[in-house]
Amino acid sequence: MTPSRKEYLYQLSDLSENSHTAEYLVTVIEKVIEGIGEDRICAVVSDNAANVRNARKIIHENHPKIENVRCVAHSINLIACDIVKEKFGERLLKRVNILTTFFRSSHQANAKLAQIIKEKGISGGGLKLYCKTRWTTASESVNSVINLESALEEMASDHDKVLTNDKIKPIIQSRNFFSNLRVLGFVLDPLRKAVLSLESRRATLADCFLSLARLAATLKKLPKSLNPAFRSHCIKVINERFDEFDDDKYITCFFMDPRFRNAPLKKCALMRIIKCAASIRKNLGFDRYEAETLCDQIQKYINEQEPFDLDISFAKDNPMNWWKYINTEPEPDVLPRIASYLFAICPNSATCERGFSTLGWLFHKRRLNLNVDKLESMCKLILYWKSNSKTELGFYGIDQKKNTRLSDDEINIRIAEAFAEDDDEEYNEEQASTQRLTTSGETIPEDNCRVVIESLWIDQFVNLSHDSITSEIGDIPRDILDDSDENNAEGDEVDDSGNNKRAGEGDYDYDIDDVLGMGDGDNNDDNYDDNEE
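Values in this document were obtained by computation on a predicted structure and should not be read as measured data. (Residues numbered from 1 in each chain as written. Predicted model: local features only at pLDDT ≥ 70, side-chain atom pairs only at ≥ 80, totals over all residues. Heavy atoms only, no water.)

K.L.:
I'm lost on the packing of aromatic side chains in this one. Help?
P.N.:
Here a ring pair, both rings aromatic, is described through the centre-centre distance and the interplanar angle of the planes. On inspection of all chains with the given rule, the structure shows 12 aromatic pairs. Look at Tyr301 and Phe308: their rings are 6.0 Å apart centre to centre, the planes differ by 85°, and that puts the pair in the edge-to-face class. Taking the relative accessible area as the measure of exposure, Tyr301 reaches 0% and is therefore buried. Among the residues examined, Phe308 registers a relative accessible area of 1% and is labelled buried. Ring plane angle 80° and centroid distance 5.1 Å describe the contact between Trp322 and Trp323, whose orientation is recorded as edge-to-face. Here Trp322 falls in the buried class, since its relative accessible area comes to 0%. Relative accessible area serves as the criterion here: at 2%, Trp323 is assigned to the buried category. Three or more aromatic residues link up through ring pairs in this structure, and these residues are Phe255, Tyr301, Phe308, Trp322 and Trp323. (Phe/Tyr/Trp six-rings, centres within 6.5 Å; stacked < 30°, edge-to-face > 60°. Buried < 20%, exposed > 50% of the residue type's maximum accessible area, 1.4 Å probe, protein only.)

Structural data, given as structure tokens:
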């Protein structure tokens, strides 16, 4: 994938005869790095299987300028899966699937529900089934039931004779069923938005940090008295997953986005950002003078001083566009190049997942005689057309009915809906529920409940109450507060002729902490605005 987010298939190989150990995967990836060129690669991104994770780590150790990045879309999906494993979410999703499965299988009941939906003028479609292999269906299935609340209640009260499954009416009329769904839906909605945003080719490490912050802000917004067991479980799950992203390059890229250069960040985050930027600069092979220049440029960037005072509109929805207009001459363009390096990284492997799906469609039981070279050529053609669709395919992205061009996000949503599959597994209300555990892993007896409200890991670095974080979260529905039954560029040319050599020029063996003028215990900057509550 190029920095402009065009994707191309480099090579397709059959590795089925080899054991996929980390060491073997490293040899395969090293050949690709050698073929493309180390200076042209800013990161290796993959899912987090143990062997692949270890391979990424070894690659980063062998090539420090190539970042080790795990697919954030996979992680967000795992957060959603872990959240709904808790007794509160699991029970609600079982009931949602019972409702959806019944209305899909009963022609008479489904026809009557469709009639009521039409009479009431309810938009948004019908009931949607939860499928754990589809990353956004947990939220979509819950929201579909909430959207049809009035129609379902009318079915239970006035047309109960067509509800031939004895469980349907009690579920619809059970106390606080819909209000509890709104609690679950409020928590799952930012997860759905995060997945849709982060599996895009336009996603950046800054979007990753922003999505994690919004997830945390959502939970922080829930009242502590509202279902404390579920809230505590969600915080535990998110903190465990957040730990995988406790990497300075995420918060540094977030800081490099001009929209978030200072307002939401707390002062303890600044030293991490400066050290990360200096570390990246050293890995890219620049000297001590440029590292010292970096600190000055960061301070100017924070204070929005020239040349870092450009209007946000120059970004045009892409922070890299904003940085292209920054001219730091006569100083070296240290900070802009670090920003371009970070914003060139796409923190998801969704492109590979789509490629696997394409290969599965091309290579099936009726086309088993396709050899690897032929398959590679076909897939390269498909990916080329996808990356250059607007110039190669005149009809791409056109809504035929409205004759308007669709955005990339709208196209992704329509593709996801077209390939959506139902999960044939039916939930049984009588199935034994999972054990209830404390945050330390102790089993909670059925007749007792001990709740420990943990703090959110990301809360120490960013102000979760800032408008830029909470703007898309929305407010908690009032009724759920009232009642609940669960309490990457060419190098700089430097003229080193004569005796005008600047201090630090040509010095590549320097200590980052020494350049920054801080000891191991220095973690704060008194000149940085702290928005702690």
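Having put the structure on the table, let's press on.
K.L.:
Hey, could you run me through a nonpolar patch on the surface in this one?
P.N.:
A cluster of nonpolar side chains, Tyr8, Leu381, Tyr384 and Trp385, forms an exposed patch at the surface whose accessible area comes to about 410 Å². Structurally, Trp385 can be placed in helix α18 (residues 372-387). Accessibility expressed as a relative area gives 39% for Trp385, which makes it partly exposed. (Patch = residues over 30% accessible without salt bridge, like charges linked within 9 Å, V, L, I, M, F, W, Y side chains within 5 Å. Areas by Shrake-Rupley, 256 points an atom, 1.4 Å probe, with all protein chains shown as cover. Salt bridge = Lys/Arg side-chain N within 4 Å of Asp/Glu carboxyl O. Helix = DSSP H or I, 4+ residues; strand = E, 2+ residues; numbered from the N terminus.)

K.L.:
Looking at this structure, I do not really get the environment of Lys120. What am I missing?
P.N.:
Of note, Lys120 is situated in helix α5 (residues 107-120). Lys120 sits 31 residues away from Ala151 along the chain, and the two C-alpha atoms are 7.8 Å apart. Sequence-distant contacts of Lys120, defined by excluding residues within four places in its chain, comprise Ser150, Ala151 and Glu154. (Contact = heavy atoms within 4.5 Å.)

K.L.:
What's the story with the pattern of salt bridges in this structure? I'm lost.
P.N.:
One pass over the structure, following the stated rule, counts 14 salt bridges. Between Asp189 and Lys193 there is a salt bridge, with its nearest N and O atoms 3.3 Å apart. Highlighted residues: Asp189 and Lys193, both in helix α9 (residues 177-198), separated by four residues, approximately one helical turn. Accessibility expressed as a relative area gives 16% for Asp189, which makes it buried. Of the charged contacts, one joins Asp248 and Arg272 as a salt bridge, the two residues approaching to 2.6 Å between their closest N and O atoms.

K.L.:
What should I look at first to understand the confidence of the model for the protein in this one?
P.N.:
Caution applies to low-pLDDT regions: their predicted coordinates should not be interpreted in detail. In the predicted model, the protein carries a mean pLDDT of 77, and 75% of its residues have values of at least 70. Highest mean pLDDT in the protein belongs to helix α1 (residues 22-36) (93); lowest belongs to helix α22 (residues 478-482) (54). In the predicted structure, residues 420-440 sits below a pLDDT of 50 and forms 46 contacts with residues beyond four places in sequence or in another chain. For residues 444-453, every residue scores under 50 in pLDDT, and the model assigns this stretch 22 contacts once sequence neighbours within four places are set aside. (pLDDT = per-residue confidence, 0-100.)

K.L.:
Just to check I follow, could you spell out the packing of helix α6 (residues 137-147) against α9 for this structure?
P.N.:
Each pair of packed helices can be described by the angle between their axes along with the distance between the axes. Two numbers describe how α6 lies on α9: the axes approach to 8 Å, and their chain directions differ by 145°. As for the relative orientation of α6 and α9, their crossing is left-handed in sense. Within the contact between the two elements, α6 uses Ala138, Ser139, Glu140, Val142, Asn143, Val145 and Ile146 and α9 uses Phe177, Phe178, Leu181, Arg182, Leu184, Gly185, Leu188, Asp189 and Arg192. Partitioning the contact of α6 with α9 into residue classes produces nine nonpolar, three polar and four charged. (Axes fitted to C-alpha atoms, helices over the stretch in contact; angles between N-to-C directions. Left-handed = near helix turned anticlockwise from the far one by under 90°. Nonpolar A, V, L, I, M, F, W, Y, C, P; charged D, E, K, R; others polar.)

K.L.:
Explain the pairing of strand β1 (residues 43-46) to me, please; I cannot follow it from the model alone.
P.N.:
Within a regular strand, the side chains alternate between the two sheet faces. In terms of strand pairing, β1 meets strand β2 (residues 67-70) through four bridges, oriented parallel. From the neighbouring strand, Ala43 faces β2, where its bridge partner is Glu67. Handedness of the crossover joining β1 and β2 through helix α2 (residues 50-62) is recorded here as right-handed. (Pairing = 2+ DSSP bridges. Right-handed = clockwise from strand over helix to strand, strands pointing away.)

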